[in-house]
Each structure stands twice: as C-alpha cells, then as structure tokens.
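# Observations on the three-dimensional arrangement
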Amino acid sequence: MTDNLQQTLERLRGKSEILIERYRKLLQEKQDVDLRIKELSTLIEQQQKEIDRQQQEIEYLKVVTTLTPNRNDVEKSRAFLSELVREIDKCILELNE
C-alpha cells in the first residue's frame, strides 16, 4: 500500500509540475500580451491626436479656400473696378468742362 501511495504522490507531483510550468508559460504570454496592448493603446492615442490635428488643418484650409477668390472671381472684380474707374474719370471730365 505504501508503494501505491508513493506512486500516487509521484504522479501528483509530476502533474503539479506540469501545471506549474503551463501556468508560468501562460503568465509570461499574458504579460507579453498586456505589454502589446499597452503599446497599441499608445499608438492609437498618437494616431487619434494626428487625426484630430489633420482634421483641424482641413477645416483651416476649407476656410482659407472659401476666403481666397479663384482666378475667375479676380478677373471679374478687376473688370468691375476698371469700369468704375472709367465712369469716375468721365464724371471728373464733365465737371471740369
């Protein structure tokens, strides 16, 4: 009976060592995964900040584009101002006569 008990204890010791080794391996894998999660979270945060910065830049560019006239608008404005200057010159000539 003592042999039987001794064998049972040896089997339990062997199984417990296997469990301990598996636990250590899983614990190491968990620590590696936790570190990777932390790195990815930091990366996500940095990318979100970059996205926010770029969206703000896009908004600024939209405002600037709206405020900056295109070539056609500039030409129309010049033609209008030239016409006004001609009319003013005519008025001045009529007043001087």
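This text goes with the structure placed above it.
Read on for an overview of the structure. Since the structure is predicted, the reported quantities are computational estimates derived from the model, not experimental observations.

### Concerning the overall build of the chain
From N to C terminus, the chain includes two helices and zero strands. In terms of C-alpha radius of gyration, the chain reaches 41 Å, well past the compact-globule figure of 13 Å for 97 residues. Seen along its three principal axes, the alpha-carbon backbone of the chain occupies a region of about 140 × 15 × 10 Å. Entry remark: accessible area of the chain is about 9700 Å², with carbon and sulfur atoms responsible for 59%.

### A few points about the environment of Tyr-60
Within the element layout of this structure, Tyr-60 appears in helix 1 (residues 2-67). Given the relative accessible area of 53%, Tyr-60 is considered exposed. Taking the C-alpha atoms as reference points, Tyr-60 and Arg-78, separated by 18 residues in sequence, lie 27 Å from one another.

### Notes on a nonpolar patch on the surface
Where nonpolar side chains cluster on the molecular surface, the patch consists of Leu-5, Leu-9 and Leu-12 and spans about 290 Å² of accessible area. Inspection of the secondary structure assignment puts Leu-5 in helix 1. A relative accessible area of 52% places Leu-5 in the exposed class.

### Quick word on the pattern of salt bridges
In this structure the tally under the stated criterion is nine salt bridges. Lys-30 is the partner of Asp-34 in a salt bridge, and the nearest nitrogen-oxygen pair spans 2.7 Å. Of this pair, Asp-34 and Lys-30 both sit in helix 1, four residues apart, roughly one helical turn. By relative accessible area, Asp-34 is classed as partly exposed at 35%. Here Arg-53 and Glu-57 are joined by a salt bridge, their closest N and O atoms 3.1 Å apart. Of the two residues, Arg-53 and Glu-57 both sit in helix 1, four residues apart, roughly one turn of that helix. Within the structure, one salt-bridge network assembled from shared partners comprises Glu-50, Arg-53 and Glu-57.

The rules we used
Residues numbered from 1 in each chain as written. Predicted model: local features only at pLDDT ≥ 70, side-chain atom pairs only at ≥ 80, totals over all residues. Heavy atoms only, no water. Helix = DSSP H or I, 4+ residues; strand = E, 2+ residues; numbered from the N terminus. Rg over C-alpha atoms; globule rule 2.2 N^0.38 Å. Areas by Shrake-Rupley, 256 points an atom, 1.4 Å probe, with all protein chains shown as cover. Buried < 20%, exposed > 50% of the residue type's maximum accessible area, 1.4 Å probe, protein only. Patch = residues over 30% accessible without salt bridge, like charges linked within 9 Å, V, L, I, M, F, W, Y side chains within 5 Å. Salt bridge = Lys/Arg side-chain N within 4 Å of Asp/Glu carboxyl O.

By themselves, these are just geometric observations and shouldn't be taken as functional.
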